[in-house]
Amino acid sequence: MGKIDLEPLQGFSGQVGDLIVYGYGGNTYVRRKPKRVMRCDAVLEQQERIAGVAALYQAVKAGGLLPIWKKAAQGSGLTAYNWFVRANQKCFTKDGAVGDFGQLVLSVGELALPDRLELAPLGEGEWELRWENESIFPPCEGSDRLAVALVEDERGFVVKVPDIGDWQRKHCRALIRLPTELQEYKHLFVWFCSADGDAVSKSKHFYLI
């Protein structure tokens, strides 16, 4: 910025080439027009990251899991979408892909997961899930139901909730059999929900091999 005394520009206000002329306090000043500011890499990376989270959120909605996130967001002042982003954006890379499926959550809630959840393959399209109930804290009950979801991300996110039957916390085991059309899915998420469906636990990820 500089003060000028050129008579032709006294009282002028506007743009001359790359210069901006303006008046202030009875004087005339000139400064260069600022160059277009490029968005920094960090901003672009965050935009890609959020785009990836948003794509997964849409798949979660299509898979019927939106009520879980609406319940989690109640009383927080956040929408279900905002709560989902807050819970999962750290799992995505700067390219908008999931960098850590182990930290990703498809459900969140006040129920506790059982102790020592373990998944073992039994055969093609079949797995056994085992756990222990050494510590059951309220509001957990033996009647809590097991719920599972599958995630596929090779061609864009898809979330499927297969029918696995009625397995409860007190059973300490469950057999998971997937139909042929779902056996290409490699990411399994498991959680528990109360018998009335009003309370859920945080989900846990297993990689299907």
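Report follows, based on the coordinates. Because the structure is predicted, anything quoted here is derived from the model rather than measured.

A word on the sheet that holds strand 10 (residues 187-193)
Argument step 1. The antiparallel open sheet is built from 4 strands, whose spatial order is 8-7-10-11. On the outer flanks of this sheet lie strand 8 (158-160) and strand 11 (204-207), each paired with one strand and no other. In this sheet, neighbouring strand axes are inclined to one another by 25 degrees on average, regardless of whether the strands run parallel or antiparallel.
Argument step 2. In this structure, strand 10 lies alongside strand 11, joined through 4 bridges in antiparallel fashion. Residue pairing for strand 11: histidine 187 is matched across the bridge by tyrosine 207.

Comments concerning the pattern of salt bridges
Argument step 1. Tallied over the entire structure, the rule returns 8 salt bridges.
Argument step 2. A salt bridge links arginine 116 to glutamate 134, with the shortest nitrogen-to-oxygen separation between them at 2.3 Å. Of this pair, arginine 116 sits in strand 5 (residues 115-123) while glutamate 134 sits in the loop between strand 6 (126-132) and strand 7 (145-152), and the two are 18 residues apart along the sequence.
Argument step 3. The shortest N-O distance in the salt bridge between arginine 173 and glutamate 128 comes to 3.1 Å. A residue pair is termed long-range when its members are at least 10 positions apart, and arginine 173 in strand 9 (residues 173-177) and glutamate 128 in strand 6 qualify at 45 residues.
Argument step 4. Among the residues examined, glutamate 128 registers a relative accessible area of 12% and is labelled buried.
Argument step 5. Connected through shared salt-bridge partners, Arg116, Glu132 and Glu134 make up one network.

Quick notes on the packing of aromatic side chains
Here a ring pair, both rings aromatic, is described through the centre-centre distance and the interplanar angle of the planes.
Argument step 1. Following the criterion strictly, the structure yields 5 aromatic pairs and no others.
Argument step 2. Taking the centre distance of 4.9 Å and the plane angle of 80 degrees together, the rings of tryptophan 69 and phenylalanine 84 count as edge-to-face. Taken together, the residues span a long stretch of sequence, with tryptophan 69 in helix 2 (residues 66-73) and phenylalanine 84 in helix 3 (residues 80-88) at a distance of 15 residues.
Argument step 3. Residue class for tryptophan 69 comes out buried when judged on its relative accessible area of 0%.
Argument step 4. By way of ring pairs, the aromatic residues Tyr57, Trp69, Tyr81 and Phe84 are connected into one cluster.
Argument step 5. One Lys or Arg, arginine 169, reaches over the ring of phenylalanine 192 and ends 5.0 Å from the middle of that ring.
Argument step 6. Cation over ring: lysine 204 sits above phenylalanine 206, and NZ or CZ is 5.5 Å from the ring centre.

Some remarks on the side chain of arginine 49
Argument step 1. Checked against the element boundaries, arginine 49 lands in helix 1 (residues 41-62).
Argument step 2. Glutamate 45 is the oppositely charged side chain nearest to the buried, salt-bridge-free arginine 49, at an N-O distance of 5.0 Å.
Argument step 3. Reaching out from arginine 49, the side chain makes a polar contact with the side chain of glutamine 46 at a distance of 2.8 Å.
Argument step 4. Those residues within four positions of arginine 49 in sequence are excluded, and the remaining contacts are Gln89, Phe92, Thr93, Lys94 and Gly96.

Remarks on unusual backbone geometry
Argument step 1. At the junction of proline 138 and proline 139, the peptide bond is cis and its omega measures out at 5 degrees in the coordinates.
Argument step 2. Positionally, proline 139 belongs in the loop between strand 6 and strand 7.
Argument step 3. Even without glycine at this site, arginine 116 takes up a positive phi of about 50 degrees.
Argument step 4. In this structure, cysteine 172 is a non-glycine residue whose phi angle is positive, near 65 degrees.
Argument step 5. Locating cysteine 172 in the fold gives a position in the loop between strand 8 and strand 9.

How each quantity is defined
All residue numbers refer to positions counted from 1 along the written sequence of the respective chain. It should be noted that, the model being predicted, local features are given only for residues of pLDDT at least 70 and side-chain atom pairs only at 80 or more, the latter also being counted only at that level, while totals for whole chains, interfaces and linings use all residues. With hydrogens and water set aside, each side-chain value is computed from the structure's full complement of heavy atoms. Two strands are said to pair when DSSP picks up at least two bridges between them. A helix here means a DSSP run of H or I that spans at least four residues, while a strand means a run of E at least two residues long, and both kinds are numbered starting from the N terminus. Only C-alpha atoms enter the line fits that serve as axes; for helices the fit covers just the stretch in contact. Angles between N-to-C directions range over 0 to 180 degrees. A pairing counts as a salt bridge when a side-chain nitrogen of Lys or Arg comes within 4 Å of a carboxyl oxygen of Asp or Glu. Whether a residue is buried, partly exposed or exposed follows from its accessible area with a 1.4 Å probe, protein chains only, as a fraction of its type maximum: under 20%, in between, or over 50%, in that order. By convention, a stacked pair of Phe, Tyr or Trp rings (six-membered ring in the case of Trp) has centres within 6.5 Å and planes under 30 degrees apart, an edge-to-face pair has planes over 60 apart, and any other such pair is tilted. Look at NZ for Lys and CZ for Arg. If either is within 6 Å of the ring centre and within 35 degrees of the ring normal, a charge sits over the ring. Residues counted as positive are Lys and Arg, residues counted as negative are Asp and Glu, and His and the chain ends are not counted. Under this definition, polar contacts are N or O atom pairs within 3.5 Å; protein pairs additionally need one hydrogen-donor-capable and one acceptor-capable atom, and for neighbouring residues in sequence, both atoms have to be side-chain atoms. The contact criterion used is simple: two residues touch if any of their non-hydrogen atoms lie within 4.5 Å.

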